[in-house]
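Read off the chains here:
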Amino acid sequence: MSRKKKLFFNTLTGIIKQVVTVLCGFILPRYMLVFYGSSVNGLISSITHFLSFISLLDMGVGAVIQANLYKPLADKDNTQISMILKASERFFRRLAYIFIGYIIVLCIAFPTVLNTTFSPIFTVSLLIILSASTLAQYLFGMTYQLLLNADQRPYVQLIIQIGTILLNTVFSVVLMSLGASIHIVKLTAAAVYVLRPLGQILYVRKHYDIDHKVKFVGDPIKQKWNGFSQHMAAVVCQNIDVAVLTVFSTLENVSIYSVYYNITYGVQQIIITAATGLEALFGNMIAKDEKEQLLRTFSEVERITHIGVTLIFSITAFTIVPFVSVYTRGINDTNYIVPVFGLILTAAYAVQCLRVPYFCVIKAAGHFKETQNGAYISALLNVAVTVALVFRFGLIGAASGTLVAMIYHTCYFVWYLRKNILKRHIGYFVKYLVTDCLIAGVSYYAAKWIVFEGTSYIAWIIFAIEIALIVLGVNCLISIVFYRKQIKSVIGLLKGQR
């Protein structure tokens, strides 16, 4: 399969997977709120975020392992591939022990810091069940998932994920409707997610010649601890808001945060999943020293990313509060309508999505040690601003810390890429950023006369379509004025002319 076909198929399955994830991600919390209330929903969200502190795989060591696989895959060096995979499995076993130790600490400490009426037994047992689900998803079979990603075949594990997400949603909804306890629902989910690594293992054993008895001296995985520590900082940025709200606020505020976070994170994942395969594509070009092709492809991907992010997140900014009002209709135990908080959180994840192509090239080049200081500073900024503002501004303060950290880290990646890898003038990014802001601003004034007054999903969909058409029109008009040449280049790429 050619590069273009692989990229297209990976992108298509990635988008389908994320659409399924977003839809199911809205269905399940809604049922949680209806059957168990905001406190249980907030408790689950809080536990999930605390568990995320230890899921250091997809962008940490996993990214380093994936970067080390590009060269031997390009050279079809099965011996080197087998050595990397064996070292990877050994490392993830050690992470499993760390994970278990972390769970023990959480079981002791978590019930004591919660501002809740739930009993310690209720909380700890739920924590253990959710831990099993996390363990099944992230630890078992991760090595084979990284191999598939590095070989530009992420569509395999994406198809498996689509199936398990749908199964979990169906089983969970049925169990909740039958009156099952939250513990039974989450235990069933853990059992379903075990199917993911099993499917990956079976595929790899059938399609790859892996020598599981290979011996090696030293460590074939370079910079793994740099990737590990860098992702620690990324996980802190991703979860510090909920951690601070859990300790210094209420579970009701955590529940509010989780509803808005599910929306913005779901939109963010559409962008990131659409970019599935980019890192492997860039890594293959770097391994083959195709510098001109790398720069040309990056420029096209960069423009597509800015167009997509500005379009999708501008629509999200307009429609997030109306959606929440419909989504939480009938939930009266707390007020979920917080417009400023929704806008700041949307802006934060929009900025994070803008860095996708830059970060993909940096990871593909294996520059983990060189960029770890930027990750540390981003995490420290997030913690400092969040803690400083959360006492006075609550949810808005927490979201502000995330926005500041995202802005810094995105700018850092752009600067590093220009100085060390692509040698590309930073003026391109500045121009894109100015036009992104212009599109968002013009869209606001063009669409502010449309007021949402409905109470149903149908009314919201009509409202969202009206907003989308206006934002799309503004985006197209401004893009044609400022980027006519780049648009022709992108159209040529999509038509397969180059």
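**Focus: the environment of Asn168**
Here's step 1: Looking at where Asn168 falls in the secondary structure, it is placed in helix 6 (residues 154-177).
Here's step 2: In this structure Asn168 comes out as buried when scored by relative accessible area, which is 6%.
Here's step 3: A C-alpha to C-alpha distance of 9.1 Å links Asn168 and Val185, two positions 17 residues apart in sequence.
Here's step 4: In contact with Asn168, other than residues within four places in its own chain, are Leu28, Ala189, Val192 and Tyr193.

**Quick look at the packing of helix 11 (residues 278-287) against helix 14 (residues 356-364)**
Here's step 1: Two numbers describe how helix 11 lies on helix 14: the axes approach to 8 Å, and their chain directions differ by 45 degrees. Relative to helix 14, the element helix 11 lies oblique. The two elements helix 11 and helix 14 cross, and the hand of that crossing is right-handed. The residues of helix 14 that touch helix 11, namely those facing Leu278, Glu279, Phe282, Gly283 and Ile286, are Pro357, Cys360, Val361, Lys363 and Ala364.

**As for the side chain of Asp436**
Here's step 1: With respect to the helices, strands and loops of the structure, Asp436 is situated in helix 17 (residues 427-447).
Here's step 2: Buried Asp436, no salt bridge; nearest opposite-charge side chain is Arg303, N-O distance 4.6 Å.
Here's step 3: In this structure, Asp436 is in contact with His306, Thr310 and Leu354, ignoring residues within four places of it in sequence.

**Structural notes on the packing of helix 6 against helix 8 (residues 195-207)**
Here's step 1: The contact between helix 6 and helix 8 brings their axes to 9 Å, and the two run at 150 degrees. Relative to helix 8, the element helix 6 lies roughly antiparallel. The two elements helix 6 and helix 8 meet at a crossing, and its hand is right-handed. In this structure, helix 6 contributes Tyr155, Val156, Gln157, Ile160, Gln161, Thr164, Ile165 and Leu167 to the contact, and helix 8 contributes Leu195, Arg196, Gly199, Gln200 and Tyr203.
Here's step 2: Residues belonging to the contact of helix 6 with helix 8 are distributed by class as follows: seven nonpolar, five polar and one charged.

**What about the confidence of the model for the protein?**
Here's step 1: Across the protein, the average pLDDT comes to 82, with 89% of residues at 70 or higher.
Here's step 2: Predicted confidence in the protein is weakest over helix 19 (residues 484-494), with a mean pLDDT of 60, and strongest over helix 13 (residues 339-354), with 92.

**Overview of the packing of aromatic side chains**
Here's step 1: Applying the stated criterion across every chain yields a total of 20 aromatic pairs.
Here's step 2: Centre to centre, the rings of Tyr257 and Tyr261 are 6.1 Å apart; their planes meet at 20 degrees, and the pair counts as stacked. In this pair, Tyr257 and Tyr261 are both assigned in helix 10 (residues 251-274), four residues apart and thus about one turn of the helix distant.
Here's step 3: What makes Tyr257 buried here is its relative accessible area of 1%.
Here's step 4: Pairing Phe359 with Phe413 gives two aromatic rings, centres 4.6 Å apart and planes at 20 degrees, and the pair type is stacked. Note that Phe359 is positioned in helix 14 and Phe413 in helix 16 (residues 395-420), a separation of 54 residues in sequence. The residues Phe359 and Phe413 share a single accessibility class, namely buried.
Here's step 5: Members of the aromatic cluster, each reached through a chain of ring pairs, are Tyr257, Tyr260, Tyr261, Tyr265, Phe341 and Tyr349.
Here's step 6: Across from the ring centre of Phe359, 6.0 Å away, lies the NZ or CZ of Arg355, which sits over that ring.
Here's step 7: In this structure, Lys363 is placed above the aromatic ring of Phe359, and the distance from its NZ or CZ to the ring centre is 4.8 Å.

**A few points about the side chain of His306**
Here's step 1: Note on placement: His306 falls in helix 12 (residues 291-327).
Here's step 2: Separated by 2.6 Å, the side chains of His306 and Asp436 make a polar contact.

**Some remarks on the pattern of salt bridges**
Here's step 1: Taken as a whole, this structure holds two salt bridges when the rule is applied.
Here's step 2: Across the pair Asp75 and Lys71 runs a salt bridge, and its minimum N-O distance is 3.7 Å. You can see Asp75 and its partner Lys71 sitting in helix 2 (residues 57-75), four residues apart, about one turn around the helix.
Here's step 3: The partner of Arg153 in a salt bridge is Asp151, with the nearest N and O atoms 3.5 Å apart.
Here's step 4: For Arg153, a relative accessible area of 21% gives the class partly exposed.
Here's step 5: Asp151 sits in the buried class, given a relative accessible area of 15%.

**Quick notes on the nonpolar core**
Here's step 1: Ranked by internal contacts, the top residues of the largest apolar core, which has 59 residues, are Tyr257, Tyr260, Phe313, Phe341 and Leu345.
Here's step 2: Elements represented by at least two residues in this core include exactly helix 1 (3-52), helix 9 (224-248), helix 10, helix 12, helix 13, helix 15 (372-393), helix 16 and helix 18 (457-482).
Here's step 3: The element contributing the most residues to this core is helix 12, with eleven residues.

Procedures and definitions
Residues numbered from 1 in each chain as written. Predicted model: local features only at pLDDT ≥ 70, side-chain atom pairs only at ≥ 80, totals over all residues. Heavy atoms only, no water. Helix = DSSP H or I, 4+ residues; strand = E, 2+ residues; numbered from the N terminus. Buried < 20%, exposed > 50% of the residue type's maximum accessible area, 1.4 Å probe, protein only. Contact = heavy atoms within 4.5 Å. Axes fitted to C-alpha atoms, helices over the stretch in contact; angles between N-to-C directions. Parallel < 35°, antiparallel > 145°, perpendicular 65-115°, else oblique. Left-handed = near helix turned anticlockwise from the far one by under 90°. Lys, Arg positive; Asp, Glu negative; His and termini not counted. Salt bridge = Lys/Arg side-chain N within 4 Å of Asp/Glu carboxyl O. Nonpolar A, V, L, I, M, F, W, Y, C, P; charged D, E, K, R; others polar. pLDDT = per-residue confidence, 0-100. Phe/Tyr/Trp six-rings, centres within 6.5 Å; stacked < 30°, edge-to-face > 60°. Lys NZ or Arg CZ within 6 Å of the ring centre and 35° of its normal. Polar contact = N/O pair within 3.5 Å; in protein donor to acceptor, adjacent residues only side chain to side chain. Core = buried A, V, L, I, M, F, W, Y, C linked by side-chain atoms within 4.5 Å.

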